[in-house]
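Read off the chains here:
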There are 2 protein chains.
Amino acid sequence: MTWIPSHDLPVSGSRFRAVYHIHAESSAAARAKAEDICIEETIEYPAELVPAGGIRDHIFGQIEHFDPLEEGGYRAVISYADEISGWELPQLVNVLFGNISMKPGIRLAELDLSAPLLARFKGPRFGVSGLRRLLGIEKRPLLSTATKPMGLSPAELAAMAYELALGGMDIIKDDHGLGNQPFAPFKERVLRTIEAVQKANAQTGGRTIYIPCINAPFEEMLARIEFAKAAGAGGLMLISAHCGLDFMRRVADDDSINLPIMNHPAFGGSYVLNPQTGVSHQAFYGQLQRLAGADLTIFPNYIGRFASFSRADCAGIALGCIQPMGGLATIFPAPGGGISPDAFADMLQVYGPDVAFLMSSNLHRESSDLAGTVRRYHEMIEKLN
Amino acid sequence: MTWIPSHDLPVSGSRFRAVYHIHAESSAAARAKAEDICIEETIEYPAELVPAGGIRDHIFGQIEHFDPLEEGGYRAVISYADEISGWELPQLVNVLFGNISMKPGIRLAELDLSAPLLARFKGPRFGVSGLRRLLGIEKRPLLSTATKPMGLSPAELAAMAYELALGGMDIIKDDHGLGNQPFAPFKERVLRTIEAVQKANAQTGGRTIYIPCINAPFEEMLARIEFAKAAGAGGLMLISAHCGLDFMRRVADDDSINLPIMNHPAFGGSYVLNPQTGVSHQAFYGQLQRLAGADLTIFPNYIGRFASFSRADCAGIALGCIQPMGGLATIFPAPGGGISPDAFADMLQVYGPDVAFLMSSNLHRESSDLAGTVRRYHEMIEKLN
């Protein structure tokens, strides 16, 4: 008997595309890798045992284009039937870059999803325009920072947040290492910081928001979010490499939460660091985070202490934040990692004005007058814009 | 004023260690990277602004050893205060490999957790001994397989599972690409497959278990698990790179679920593929999955169609599955990805008998008599053991 019949399948007719960059010793070898992707990401079964008919026609990935890349390597555009995603994000990502994440010489460069598939995802709840409305900032770049370091008490972190808000910081987030440690327990930290930011806002008439870091055991994730929401948090920071991209999507979709989401890139750098494997900066920090509902996507800037992302990598992220993706809102790139005002002008060239500068270390290095430094940064941005 | 006081901190006194492999142009440069890890994974703040006292003494990472590696590069053992993990898995992973995942030349090679920290984690619920008891298999390697390909109907997948169980397959799992697609909806697939496996078990007196793939939107993850449990599933397959390591931990810890967990490695390969970045095979597929409660950890074998993992990489995974980690149970490495019986003897050298061979493609290539092939594989393993 044969295990694989040739019967018809229920098909949607629409297909999504992924662009892969492939490295191999020859064009033929790269083409063979592209053909392998069509199998490995779908049937994961000997192709020679699959007869003509439904599965071969509708489940196999299909190479739509295959060309050499100017910078070396090859570009394969592969399409997949929408329905093999089950119209669900985890399985969609699974098709885009599942088993092939374990094969060398393959990089997911870009997503090109169909309109019917994109229509299943709400994406960012706020996006650039929603967040600008919320903050009351029309056109200029946003300024954001983190309260830190680990080891400070809730009162100390709150005092820092107060000064930063007094200076007009737009977004104050927890450092990503602040969880629920004994020296700054989550609830007390959130309550105190919100109180401090509200006090500063009352004095300045400003609209600084505080975004706590939500990085908790799963049993507590939603409870921490609800607590933060009830306490008056202005957004939520998730670390999608810890909680999963789809958990972020679930939080973004939840009408009862209704808060902007900032993605922190910790634990996820391994996807992008090596140019011949993993996922491109554009797709990983831009398109995927956006598809999963992030309104702001943090990453290390090309000028700063990380020195691992190039200017082109960061331009790719900026592109992923705004390139057409059905009705999905555009989002803010939030470059950080040791940036200083010297880089403002160049960064505006790369990101445009829809950017959230994330500055902490150098802000603290400048002076203990945090409010004064924030005011000065705003003046510098004002002049450049 | 100064923002960082020198007051005391509540400290546990215990510390956990991580071993990093560092690549840089000189010993001094590698040492500087190790020092950077101590800051980047903890305070993420200018060290020069932190006075002597609590934070410097108890929050900074500390280099315990620093040596050159025989194979090139350097080995840094860095310790962190237990309490900066908040005693929670996501933040623990965040400290071990958070921001430094975005810095080149740093690889997390091994975890060396303290007894108090390990005591907070239950780890694998079944482990090698529990799963052997459940399956009634004393000493021999386990045989496992996946029903596939995508595109088959629930009845067709179930018919395949029936034959495989009839032949004595120990574990039958869904292919990792089977989610909730229209051609094989989750519930119907699970019900039909369980029915088929139970029918075969009744005929053979065997104890084949069926492990469905749980890869769903977060709103449905627990519901699918509950459905599978109620229907009689013998375990659960999670894809931790999609759902998050801590979600797996949460499922493993749940007494009301009480099922063995198999981790599938899709989307996670980017962590291990490049030897100078990411996480070692031992730590990623072995230690971390085990800490998060996997009873079986799937990965591509060194002989097979992936050809991206070396024999040494796989031996590392085997080590991570059994090396002492407090009271955590040892677990089964489940090498797959195009293995055939030719490799059994060599694989037993690498993995020992506590291994679950995961075979599908080549099993189907041998003959359409799936039951017969499974019986023959068992005979071959019997002879080798």
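See the structure shown above.
Residues numbered from 1 in each chain as written. Chains lettered and ligands numbered in written order. Predicted model: local features only at pLDDT ≥ 70, side-chain atom pairs only at ≥ 80, totals over all residues. Heavy atoms only, no water.

**Some points on the overall build of chain A**
Secondary structure summary: chain A contains 15 helices and 13 strands in total. Scaling as 2.2 N^0.38, a compact globule of 385 residues should have a C-alpha radius of gyration of about 21 Å, and chain A matches this with 23 Å. For chain A, the spread of C-alpha atoms along the three principal axes comes to 75 × 45 × 35 Å. Taken over 385 residues, chain A has a buried fraction of 66%. Considering only intrachain contacts with a sequence separation of at least 6, the fraction spanning at least 24 residues in chain A is 74%. For chain A, the distance from the average position of its 33 positive side-chain charges to the average position of its 42 negative side-chain charges is 6 Å. (Helix = DSSP H or I, 4+ residues; strand = E, 2+ residues; numbered from the N terminus. Rg over C-alpha atoms; globule rule 2.2 N^0.38 Å. Buried < 20%, exposed > 50% of the residue type's maximum accessible area, 1.4 Å probe, protein only. Contact = heavy atoms within 4.5 Å. Lys, Arg positive; Asp, Glu negative; His and termini not counted. Charge placed at Lys NZ, Arg CZ, Asp CG, Glu CD.)

**Points about the interface of chain B and chain A**
Opposite the 89 residues of chain B that make contact, chain A presents 90 residues. Overall, the association of chain B and chain A removes approximately 7,900 Å² of surface from exposure, summing both partners, and the carbon and sulfur fraction of that is 60%. By the criterion of area lost to chain A, the three top residues of chain B are Trp3, Met102 and Phe267 of chain B, representing 11% of everything that side buries. Between chain B and chain A we count twelve salt bridges in total. Salt-bridge contacts for arginine 305 of chain A lead to glutamate 44 of chain B; the nearest nitrogen and oxygen are separated by 3.7 Å. Where chain B packs against chain A, one counts 46 residue pairs in polar contact (both at pLDDT 80 or more). Going through the elements one at a time, helix H3 (89-97), helix H6 (154-166), helix H8 (218-231), helix H9 (240-243), helix H10 (245-253) and helix H14 (361-366) of chain B are the ones with two or more residues in the side of chain B that touches chain A. Tallied by class, the residues present in the side of chain B that touches chain A amount to 43 nonpolar, 27 polar and 19 charged. (Buried area = accessible area lost by both parts, 1.4 Å probe. Salt bridge = Lys/Arg side-chain N within 4 Å of Asp/Glu carboxyl O. Polar contact = N/O pair within 3.5 Å; in protein donor to acceptor, adjacent residues only side chain to side chain. Nonpolar A, V, L, I, M, F, W, Y, C, P; charged D, E, K, R; others polar.)

**Notes on the packing of helix H13 (residues 344-351) of chain B against helix H15 (residues 370-384) of chain B**
Residues and elements named next belong to chain B. The interhelical angle for the contact between H13 and H15, taken along N-to-C directions, is 55 degrees, at an axis separation of 10 Å. Between H13 and H15, the interaxial angle falls into the category oblique. The two elements H13 and H15 meet at a crossing, and its hand is right-handed. Of the residues in H15, those touching H13 at Phe344, Ala345 and Leu348 are Tyr377, Met380, Ile381 and Leu384. When grouped by side-chain class, the residues that make up the contact of H13 with H15 number seven nonpolar, no polar and no charged. (Axes fitted to C-alpha atoms, helices over the stretch in contact; angles between N-to-C directions. Parallel < 35°, antiparallel > 145°, perpendicular 65-115°, else oblique. Left-handed = near helix turned anticlockwise from the far one by under 90°.)

**Side note on the side chain of threonine 297 of chain B**
Residue and element names in this part refer to chain B. Following the sequence through the fold, threonine 297 ends up in strand E11 (residues 296-300). At a separation of 2.8 Å, a polar atom in the side chain of threonine 297 contacts the main-chain carbonyl oxygen of tyrosine 285. Dropping the residues within four chain positions of it, threonine 297 is found in contact with Asn263, Tyr285, Gln289, Ile317, Cys321, Ile331, Phe332, Pro333 and Ala334.

**Some words on the environment of leucine 384 of chain A**
Residue and element names in this part refer to chain A. In this fold, leucine 384 is placed in helix H15 (residues 370-384). You can call leucine 384 partly exposed: its relative accessible area is 40%. The spatial distance from the C-alpha of leucine 384 to the C-alpha of threonine 193 is 31 Å, given a sequence separation of 191 residues. In this structure, leucine 384 is in contact with Phe344, Ala345 and Leu348, ignoring residues within four places of it in sequence.

**Remarks on empty space enclosed by the protein**
Counting across every chain of the model gives seven cavities of 30 Å³ or more. By volume, the largest cavity amounts to about 310 Å³. Contributing to the lining of the largest cavity are 26 residues, with Ser240, Ala241 and His242 of chain A together with Ser240 and Ala241 of chain B lying nearest its centre. Contributions of two or more residues to the lining of the largest cavity are made by helix H3 (89-97), helix H9 (240-243), helix H10 (245-253) and helix H11 (281-291) of chain A together with H3, H9, H10 and helix H11 (281-291) of chain B. (1 Å grid on protein atoms, 1.4 Å probe; cavity = no way out; pocket = protein on both sides within 12 Å on 5 of 7 lines; lining within 4 Å. Points joined across faces, edges and corners; volume = space filled by probe spheres on them.)

**Considerations on the relation of the copies chain B and chain A**
Superposing chain B onto chain A requires a rotation of 180 degrees together with a translation of 0.0 Å along the rotation axis, leaving an RMSD of 0.0 Å. Accordingly, the operation relating the two chain copies is best matched by a two-fold axis. Minimal C-alpha distance to the rotation axis in chain B is attained by glycine 244 of chain B, lying at 2.4 Å. When the interface residues of chain B are mapped onto chain A, 100% of them are again interface residues, pointing to one common binding face. (Least-squares fit on C-alpha atoms with pLDDT ≥ 70 in both.)

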